[in-house]
Amino acid sequence: VQLVKWSPGQSMPPHADNANPDGSPHAMPWRDYASVIYLNDDYDGGEFYFTETGIEVKPAAGMLMAFTGGVRHFHGVREVRGTARYTMPGWYTKDVTHRDPSSLDKY
């Protein structure tokens, strides 16, 4: 999980979190699922969109979005304008070799 400040002028082009559109190796193929929690909504722009479905969301503070990490959910972020946009993205895996060590307690 991260805390991300999106300054005015920032955006993110469409991408998948675990795959490249051309099939070439991805740096993080273990990212099976992703989520984003939106911490504020007092900015302009910054819409989250899925390229495959045409769905676009203007996030509200407190909203959680969750989706798979693969090419089925290519997504991007429109340019942020006005004030900063704050998010808390997270990625989840079924691959035990990439499990968070803090979750490996004595169960």
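The structure we're discussing is the one just above.
Computed from a predicted model, the values in this text were never measured in an experiment. (Residues numbered from 1 in each chain as written. Predicted model: local features only at pLDDT ≥ 70, side-chain atom pairs only at ≥ 80, totals over all residues. Heavy atoms only, no water.)

Let us look at the side chain of H15. Relative to the elements of secondary structure, H15 occurs in strand 2 (residues 12-15). Reaching out from H15, the side chain makes a polar contact with the backbone oxygen of P13 at a distance of 2.9 Å. Here D17 takes part through its side chain, which lies 3.3 Å from a polar atom of the side chain of H15. When sequence neighbours within four positions are dropped, the list of residues in contact with H15 reads H73, F74 and H75. (Helix = DSSP H or I, 4+ residues; strand = E, 2+ residues; numbered from the N terminus. Polar contact = N/O pair within 3.5 Å; in protein donor to acceptor, adjacent residues only side chain to side chain. Contact = heavy atoms within 4.5 Å.)

What the four strands build is an open sheet, ordered 2-8-5-6; its pairing is antiparallel. For this open sheet the edge positions go to strand 2 and strand 6 (56-57), each flanked by a neighbour on one side alone. Where strand 2 meets strand 8 (residues 75-77), two bridges bridge the pair, whose relative direction is antiparallel. By the bridge assignment, M12 is partnered in strand 8 with V77. (Pairing = 2+ DSSP bridges.)

It is worth spelling out a nonpolar patch on the surface at this point. On the surface, L3, L39 and Y86 cluster together into a nonpolar patch covering about 290 Å² of accessible area. As for its placement among the helices and strands, L39 is situated in the loop between strand 3 (33-38) and strand 4 (44-45). (Patch = residues over 30% accessible without salt bridge, like charges linked within 9 Å, V, L, I, M, F, W, Y side chains within 5 Å. Areas by Shrake-Rupley, 256 points an atom, 1.4 Å probe, with all protein chains shown as cover. Salt bridge = Lys/Arg side-chain N within 4 Å of Asp/Glu carboxyl O.)

Moving on: the layout of surface pockets. Picture a little ball the size of a water molecule; that probe, rolled over the atoms, points out where space is still empty. Here the largest pocket is characterised by a volume of approximately 280 Å³. Considering every element that reaches the lining of the largest pocket, the biggest residue donor is strand 10 (residues 85-92), with five residues. Each residue belonging to the lining of the largest pocket can be placed in one class, and the counts come to 11 nonpolar, seven polar and three charged. Around the second largest pocket sit V1, Q2, W30, R31, W91, Y92, T93, H98 and D100, which together line it. Here the residues of the lining of the second largest pocket sort into four nonpolar, three polar and two charged. (1 Å grid on protein atoms, 1.4 Å probe; cavity = no way out; pocket = protein on both sides within 12 Å on 5 of 7 lines; lining within 4 Å. Points joined across faces, edges and corners; volume = space filled by probe spheres on them. Nonpolar A, V, L, I, M, F, W, Y, C, P; charged D, E, K, R; others polar.)

Turning our eyes to something else, we now look at the pattern of salt bridges. Under the counting rule described, the total for this entry stands at one salt bridge. The partner of E56 in a salt bridge is R78, and the shortest N-O contact between them spans 2.9 Å. Remark: R78 occurs in the loop between strand 8 and strand 9 (80-81) and E56 occurs in strand 6; sequence separation between them is 22 residues.

Our focus in this paragraph is the packing of aromatic side chains. Both the distance between ring centres and the angle between the ring planes are used here to describe each pair of aromatic rings. Scanning all chains against the criterion turns up three aromatic pairs. On the numbers, 5.4 Å between centres and 45 degrees between planes, the contact of F48 with F67 is tilted. Residue F48 is found in strand 5 (residues 48-50), and its partner F67 is found in strand 7 (residues 64-68); the two are separated by 19 residues along the sequence. A relative accessible area of 7% means that F67 is categorised as buried. Measuring from centroid to centroid gives 5.6 Å for F50 and F67, while their planes differ by 80 degrees, and the two rings are edge-to-face. One end of the pair, F50, is in strand 5; the other, F67, is in strand 7, and 17 residues separate them in sequence. Judged by its relative accessible area of 11%, F50 falls in the buried class. Within the aromatic cluster, the residues linked to one another by ring pairs are F48, F50 and F67. Here the basic side chain of R31 rests over the ring of W91, its NZ or CZ set 3.8 Å away from the ring centre. Note that R85 overlies the ring of W6, its terminal NZ or CZ placed 4.9 Å from the centroid. (Phe/Tyr/Trp six-rings, centres within 6.5 Å; stacked < 30°, edge-to-face > 60°. Buried < 20%, exposed > 50% of the residue type's maximum accessible area, 1.4 Å probe, protein only. Lys NZ or Arg CZ within 6 Å of the ring centre and 35° of its normal.)

Take it as geometry only, folks, not as evidence of what the structure does.
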